[in-house]
Protein chains: 2
Amino acid sequence: MATNADAGREFFTTRTVGDALAQFRPQRRTLTETVPVVDALGRVPAEPVTAPHALPGFARSTVDGYAVRAGDTYGVSEGLPGYLQVTGAVLMGTEPKVTVGPGTAVSMPTGGVLPPGADAVVMIEYTQQAMTGTIEVVRAVAPGEGVVRADEDAAPGAELIRAGHPLRAQDLGMLSAAGITSLAVQARPKVTIFSTGDEVVPPETSALRPGQVRDATATALAALVAEAGGEPAGGGIVPDDGAALEAALRAALPASDLIVISAGSSVGTRDETAGAVARLGPPGIWCHGLAIKPGKPTLLAECCGVPVIGLPGNPRSALVVFRLLGMPLIRLLGGCSTPPPEPIVRVKLARDLPSATGRLDVVQVRVADGVAIPVFGVSALLSVLTTADGFLIIPEDATGLDAGTEVDVTLYR
Amino acid sequence: MATNADAGREFFTTRTVGDALAQFRPQRRTLTETVPVVDALGRVPAEPVTAPHALPGFARSTVDGYAVRAGDTYGVSEGLPGYLQVTGAVLMGTEPKVTVGPGTAVSMPTGGVLPPGADAVVMIEYTQQAMTGTIEVVRAVAPGEGVVRADEDAAPGAELIRAGHPLRAQDLGMLSAAGITSLAVQARPKVTIFSTGDEVVPPETSALRPGQVRDATATALAALVAEAGGEPAGGGIVPDDGAALEAALRAALPASDLIVISAGSSVGTRDETAGAVARLGPPGIWCHGLAIKPGKPTLLAECCGVPVIGLPGNPRSALVVFRLLGMPLIRLLGGCSTPPPEPIVRVKLARDLPSATGRLDVVQVRVADGVAIPVFGVSALLSVLTTADGFLIIPEDATGLDAGTEVDVTLYR
């Protein structure tokens, strides 16, 4: 950990993105809360959920046909059909009122309860009415054929869903099948977003004075927070004043699982941010400076148990860094051990891309016809991001990529 | 279009999935509504949005340094520095109070307004204090260097976001930068979900009678509707009675952009569903039967301007079909011309997969170490879906896939 001694001055404890992901792992986790299953899409179960009883709960026909004793059908064929006496019919959603004895069959709908005595269901296609009350069977069935067992979807106590994996539509269906209508999930991490910089004004400002810019970053960050399963809270715009920033951060600590500061872009603002974070509490700043382009002036800290991310002032750099480090951090805080898969396409690079070794480069690209076309522009330009379909990464150990190289592009959703 | 003549009887107008996607294209679109930008992540803009003024709106420094006339730096070097008189400083967020004349420089923060007279900014790294009020410049800059133009992020009237493309975090940021705090989007398609089948009871039913099953499909379908950008509404469970179903569907028509019926699994229930849909109104049933496994007993219809999907009774079949046909249909109704990209991985198939030609097969798989392992089980089993990480498709013209074949698996999120 860096000490607070340098607080208030420009300093860099530069780390790599890989180190940050592997080593900056705050212990903090959100509490659990109970939510209705119908509202739980994407939520992270706090514990495994097991089946309270067997599912479907009864041996069930998977076809329309006749419940039989499989042995009664052995050896039958088109040329030598077997004959069974139909002694009744099973109705959907009700208990069978008949038993299947030797030489008899009971009419079955798909999904009906297998009657006592039967061990298989012959599809209606392999039967025909011989005379009133009797069917011909032209194909043999094995025991269990045309039937799901009472516990085939889940045995009692079987794990229906795992902890830590965001719930998908089918998981909610499975919980409903088991009669589970609410469950314990991790609370969404509360993420307080501050913007700093004397030039920054709220988006709703209609007329800008010369030199003013509207706060684009906070809006975009809030969306990324939500996408990662967090709950964004607007901390507002704080003037370029160390004491004011420190006070605002301190006030946000108790209600935040993560604090994000979109710092002003000037060196003075960055100094104020680092100083205010350093004074906030132990253990303090973990790194100030990341070996990434764009995004070098990134700060990672933990203060009084709350992780803090200080983002670069340029909106584009801020969003690049937050996607790479902030979103995984939100998932970690929210107990998500398996992040949802990202859409990644393998395409050919349209042109040479230079890169300095020792630094991870994030390059915005358009993708068309299997080719990635880099979108260039200084990191102050947000239009580079809105024009891009996704991004590719040039790893630290590379000195660039040649045109025609196959690259993996992570697509924006 | 199929006629209503066969209504009430089991009949099949079988189509392929490809035909259904290409040809079943109802004209209906949702209305537009205005939403705040901060709530617009994933929403579909109803029209393009253009920049009301230039962005950033003023020529802006991209570095900390000195605003200069580029011509004043030509020919300078470490060995032969140039000297410029510092006549002032630009402060963040304010209009410059000084002009840069020949032989002078003005101190600049990153993001500051370029003062009149200057056409470039020299990075502070390439300057040093020579004496009070004078700097040495050791590297030449070209006009425009260290600066973004007033309209470099967007010219007035430039398209900031396109219609029909779901909004991403950076798009919301760009709108905020332009001072746009609300926009017109397509309303979320309202999707009414009905379940039928005398055996089906609500998920909250604690004790099941023999033969009863809880409604798993409606819960899962509602989640898929939300994932596709729709607004699910619970139509409830309708008994296996054609007149009751028809009445329920008719009552739902005015408030629905799409009606989904999770039909009971027995042939009788399927008949009732087809009959009720056929009687609902013109043009009626488009197909009853889809060349897909699982999911053959799928019904597609349009009645009085509202598309209707009749899904198979087995929860797994229902969810497979809804993912392939229902979700794209919701996006179509909601004006989404570019669906968000899906996470797809290319992996090796672990074993042979047989398939009948002329039918599209959807195979659930687990994915581990670059290998897709099929998850088998009859279509009545929901656990096949909860166990799977994703699915692969065996196209209509294939007779199966050999072990070791490279396949594209669409991963569940």
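Rules used throughout
Residues numbered from 1 in each chain as written. Chains lettered and ligands numbered in written order. Predicted model: local features only at pLDDT ≥ 70, side-chain atom pairs only at ≥ 80, totals over all residues. Helix = DSSP H or I, 4+ residues; strand = E, 2+ residues; numbered from the N terminus. Rg over C-alpha atoms; globule rule 2.2 N^0.38 Å. Buried ≥ 20, exposed ≤ 12 C-beta atoms within 10 Å, placed from the backbone. Contact = placed C-beta atoms within 7 Å. Pairing = 2+ DSSP bridges. Axes fitted to C-alpha atoms, helices over the stretch in contact; angles between N-to-C directions. Nonpolar A, V, L, I, M, F, W, Y, C, P; charged D, E, K, R; others polar. Parallel < 35°, antiparallel > 145°, perpendicular 65-115°, else oblique. Left-handed = near helix turned anticlockwise from the far one by under 90°. Least-squares fit on C-alpha atoms with pLDDT ≥ 70 in both. Domains from an automatic or database assignment. pLDDT = per-residue confidence, 0-100. Arc of directions from axis to C-beta.

Across its full length, chain A carries seven helices and 28 strands. Here chain A has a C-alpha radius of gyration of 31 Å; the compact-globule value for 413 residues is 22 Å, and the former is much larger. By its C-alpha atoms, chain A is 95 × 50 × 45 Å across when sized along the principal axes. Buried residues in chain A amount to 53% of all 413 residues. A fraction of 71% describes how many contacts in chain A between residues 6 or more apart in sequence connect residues 24 or more apart.

Attention shifts here to the sheet that holds strand S13 (residues 190-196) of chain A. Residue and element names in this part refer to chain A. Spatial ordering of the open sheet is given by S16-S13-S17-S21-S20-S18, a layout of six strands whose pairing is mixed. A strand with exactly one partner marks an edge of an open sheet, and here the two such strands are strand S16 (231-238) and strand S18 (283-288). Geometrically, the sheet is characterised by an average inter-axis angle of 15° between neighbouring strands, direction not taken into account. Relative to S16, S13 runs parallel, the two sharing seven bridges. In the sheet register, Thr 192 faces S16, and the bridge partner there is Ala 233. In the packing of helix H3 (residues 216-227) onto the sheet, contacts are made with S13, S16 and strand S17 (258-262), and the angle to S13 comes to roughly 165°. Along the sheet face, helix H4 (residues 242-252) touches S13, S16 and S17 and points at about 160° away from the line of S16.

Moving on, we get to the interface of chain B and chain A. On the side of chain A, 79 residues touch chain B, which itself brings 79 residues to the contact. Elements with a minimum of two residues in the side of chain B that touches chain A: helix H2 (169-177), strand S15 (213-214), helix H3 (216-227), helix H5 (267-280), helix H6 (315-333) and helix H7 (383-387) of chain B. No other element matches H3 of chain B, which puts nine residues into the side of chain B that touches chain A. Across the side of chain B that touches chain A, the residue classes tally to 37 nonpolar, 26 polar and 16 charged.

Below, the discussion takes up the packing of H3 of chain B against H6 of chain B. Residue and element names in this part refer to chain B. For the pair H3 and H6, the least separation of the axes is 10 Å and the interaxial angle reads 25°. With respect to H6, the element H3 is oriented roughly parallel. Taken as a pair, H3 and H6 cross one another with a handedness that is right-handed. Residue-level contacts link Ala 216, Thr 217, Ala 220, Leu 221, Leu 224 and Val 225 of H3 to Pro 315, Ala 318, Leu 319, Phe 322, Arg 323, Gly 326, Met 327 and Ile 330 of H6. In the contact of H3 with H6, the residues fall into 11 nonpolar, two polar and one charged.

Turning our eyes to something else, we now look at the environment of Cys 303 of chain A. Residues and elements named next belong to chain A. Relative to the elements of secondary structure, Cys 303 occurs in strand S20 (residues 299-303). The buried category is assigned to Cys 303, around which 21 C-beta atoms lie within 10 Å. Between the alpha carbons of Cys 303 and Gln 364 there is a distance of 33 Å; along the sequence they are 61 residues apart. Apart from the residues lying within four places of it in its own chain, the contact partners of Cys 303 are Val 277, Leu 280, Gly 281, Gly 284 and Val 308.

Before going further, it helps to spend a moment on the relation of the copies chain B and chain A. Rotating chain B by 180° and translating it 0.0 Å along the rotation axis places it on chain A, where the RMSD comes to 0.0 Å. Expressed as an axis order, the relation between the two copies is that of a two-fold axis. The rotation axis passes nearest to the C-alpha of Pro 343 of chain B in chain B, at a distance of 1.8 Å.

Turning our attention to the domain arrangement of chain A. Its domain assignment divides chain A into domain 1 (17-31 + 187-333), domain 2 (33-55 + 152-186), domain 3 (60-148) and domain 4 (344-411). Centre-to-centre separation of domain 1 of chain A and domain 3 of chain A, based on C-alpha positions: 67 Å.

Residue and element names in this part refer to chain A. An order of S7-S4-S6-S5-S9-S8 is seen for the six strands of this open sheet, with the pairing classed as mixed. At either end of the open sheet lies a strand with only one pairing partner, and these are strand S7 (120-123) and strand S8 (127-131). With direction set aside, neighbouring strand axes in the sheet form an average angle of 45°. With four bridges connecting them, strand S5 (residues 82-89) and strand S9 (residues 134-137) associate as antiparallel partners. The residue bridging Tyr 83 from the neighbouring strand is Glu 136, located in S9.

The next thing to look at is the confidence of the model for chain A. All names here are of chain A. Residue-level pLDDT values for chain A average 93, and 96% of them are 70 or greater. Contacts of residues 1-11 to residues separated by more than four positions or lying in other chains number 22 contacts, the stretch itself having pLDDT below 50. For this predicted complex, the interface confidence score (ipTM) comes to 0.94, while the overall pTM stands at 0.94.

Next up on the list: H4 of chain A. All names here are of chain A. Those residues of H4 that fall on the buried side of the exposure criterion are Leu 245, Ala 248, Leu 249 and Ala 252. One side of H4 holds all its buried residues, which, seen down the axis, span an arc of 95°. Residues of H4 that are exposed and angled more than 90 degrees away from the buried face: Ala 243 and Ala 251.

Lys 293 of chain A connects to Pro 294 of chain A through a cis peptide bond whose omega is -5°. A positive phi angle is found at Cys 304 of chain B, which is not glycine, with a value near 55°. Assessed through the 13 C-beta atoms surrounding it within 10 Å, Cys 304 of chain B is described here as partly exposed. We note that Asp 369 of chain B has phi near 50°; this positive angle belongs to a residue other than glycine. You can see Asp 369 of chain B is positioned in the loop between strand S24 (360-368) and strand S25 (371-374).

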